[in-house]
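# Report on the structure
Each chain, letter by letter, is given below.
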Amino acid sequence: PSPVITIDGPTASGKGTVAHRVAKHLGFHYLDSGALYRLTALMATLHGIALEDETAIASMARTLPCRFVHGHVFLEDADVTDAVRAEEVGVAASRIAVLPAVRQALVDLQVAFRYTPGLVADGRDMGTVIFPDASLKVFLTASAEARASRRYKQLIEKGISANMENLVKDLMERDARDSARSTAPLKPAPDAIILDTSELTAEEAVNKVLVWYAQ
Ligand code: CDP
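Treat the numbers as computed from the prediction; the structure is a model and nothing was measured.

## A closer look at the sheet that holds strand β5 (residues 78-79)
- Within the open sheet, the three strands sit side by side as β3-β4-β5. Their pairing is antiparallel. Strands at the two margins of the open sheet, each flanked by one partner only, are β3 (66-69) and β5.
- Here strand β4 (residues 72-75) runs beside β5; their pairing, made up of two bridges, is antiparallel. Among the inter-strand pairings, F74 is bridged to a residue of β5, identified as D79.

In structure tokens, the structure reads:
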């Protein structure tokens, strides 16, 4: 079977950057599971579906009309690469992510992702639920301040306006919701290695993961 590396952790812990670079280095595929939750939330919003409507959102998620092409994300043929990264969409994603039927609907999409020659999967429950037999499981953490300032930089670089105070508030709310939900709450798998990235550059974090993988 092809190797799977899971990288889980809270919002803005550096998962996306680290997972993407590790995948590139090893020539593996990269699964951004958060994008699936974000796309589902965005689609619900665009179709005027209430974020509590579990049945309607789950049925949409089961046949999510999305495509990933050369770093761009399409939803129903519209390029939503930037729209899907918006902070409101992240918040909406964490609201629909508490719904068990929605999580279940997204399981097949994630498990069916391209594996060969290997996969790096980034999310909240990659090591605990989706890939329990992964070769290496990493759980990234970082202080709330470090995470808020990273997210701030990301948004500003993209030309999206951001406010530090609101970011810290969103981040805390999202952590609380992700950790308190009954289905697949955010927590490290028992066999995960925990890496605090507060004082690390992305490159240092990537190197740690590569060294663990090589061991
Ligand atoms: O990049 P950021 O960490 O802000 O967000 P993301 O990874 O794109 O995920 C957005 C939201 O989707 C998270 O706050 C989670 O509530 C949810 N999510 C999840 O429940 N399970 C996953 N495997 C991935 C994301």
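## Quick word on the packing of aromatic side chains
- Evaluated as defined, the whole model comprises two aromatic pairs.
- On the basis of an interplanar angle of 90° and a centroid distance of 6.0 Å, the ring pair of F28 and Y213 is categorised as edge-to-face. Pair noted here: F28 is in the loop between α1 (15-26) and β2 (29-32) and Y213 is in helix α9 (residues 202-214), with a separation of 185 residues, a long-range link.
- What makes F28 buried here is its relative accessible area of 15%.
- On the basis of relative accessibility, which here comes to 26%, the residue Y213 falls in the partly exposed class.
- A ring pair is formed by Y115 and F131, whose centres lie 5.9 Å apart and whose planes are at 80°; its orientation type is edge-to-face. In this pair, Y115 sits in the loop between α5 (100-111) and β6 (119-123) while F131 sits in the loop between α6 (126-130) and β7 (136-141), placing the two residues 16 residues apart along the sequence.
- On the basis of relative accessibility, which here comes to 26%, the residue Y115 falls in the partly exposed class.
- Cation over ring: R67 sits above F74, and NZ or CZ is 5.1 Å from the ring centre.

## Comments concerning the sheet that holds β7
- One open sheet holds the five strands; their spatial order is β2-β6-β1-β7-β8, and the pairing between them is parallel. Unpaired on one side and paired on the other, β2 and β8 (193-196) mark the two borders of the sheet. Taking the axes of each pair of neighbouring strands and ignoring which way they run, one obtains an average angle of 20° across the sheet.
- Where β2 and β6 come together, four bridges link them in parallel fashion.

## What to know about the environment of D79
- By secondary structure assignment, the location of D79 is in strand β5.
- Judged by relative accessible area, which is 42%, D79 ranks as partly exposed.
- Note: C-alpha distance between D79 and F68 (eleven residues apart in sequence) is 9.8 Å.
- Once residues lying within four places of it in the same chain are set aside, the contact partners of D79 are H72, V73 and F74.
- Of the polar contacts made by the side chain of D79, one reaches the side chain of H72; its length is 2.7 Å.
- A distance of 2.4 Å separates the side chain of D79 from the side chain of T81, its partner in a polar contact.

The rules behind the values
- Along each chain, residue indices are assigned from 1 in the same order as the chain's sequence is written.
- In keeping with the predicted nature of the model, local features appear solely for residues at pLDDT of at least 70, side-chain atom pairs appear and are counted solely at 80 or more, and the whole-chain, interface and lining totals rest on all residues.
- Calculation of side-chain values draws on the structure's entire complement of heavy atoms; hydrogens and water are dropped beforehand.
- Any two strands with at least two DSSP bridges between them are considered paired.
- Starting at the N terminus, helices and strands are each numbered in turn, a helix being any DSSP run of H or I of at least four residues and a strand any DSSP run of E of at least two.
- Aromatic pairing here means that ring centres of Phe, Tyr or Trp (its six-membered ring) are within 6.5 Å. Orientation follows from the plane angle: under 30 degrees is stacked, over 60 is edge-to-face, and everything else is tilted.
- The classification of residues rests on relative accessible area computed with a 1.4 Å probe and restricted to protein chains. Under 20% of the type maximum is buried, over 50% is exposed, and intermediate values are partly exposed.
- Whether a charge sits over a ring comes down to the Lys NZ or Arg CZ being within 6 Å of the ring centre and within 35 degrees of the ring normal.
- Axis definition: a line fit to C-alpha positions, over the contact stretch in the case of helices; interaxial angles, taken between N-to-C directions, run 0 to 180 degrees.
- In this description, contact between two residues means that some pair of their heavy atoms is separated by no more than 4.5 Å.
- What qualifies as a polar contact is a pair of N or O atoms within 3.5 Å, subject to a donor-acceptor requirement within protein and to the restriction that residues adjacent in sequence count only when both atoms come from side chains.

Such coordinate-based values are descriptive only and should not be taken to indicate function.
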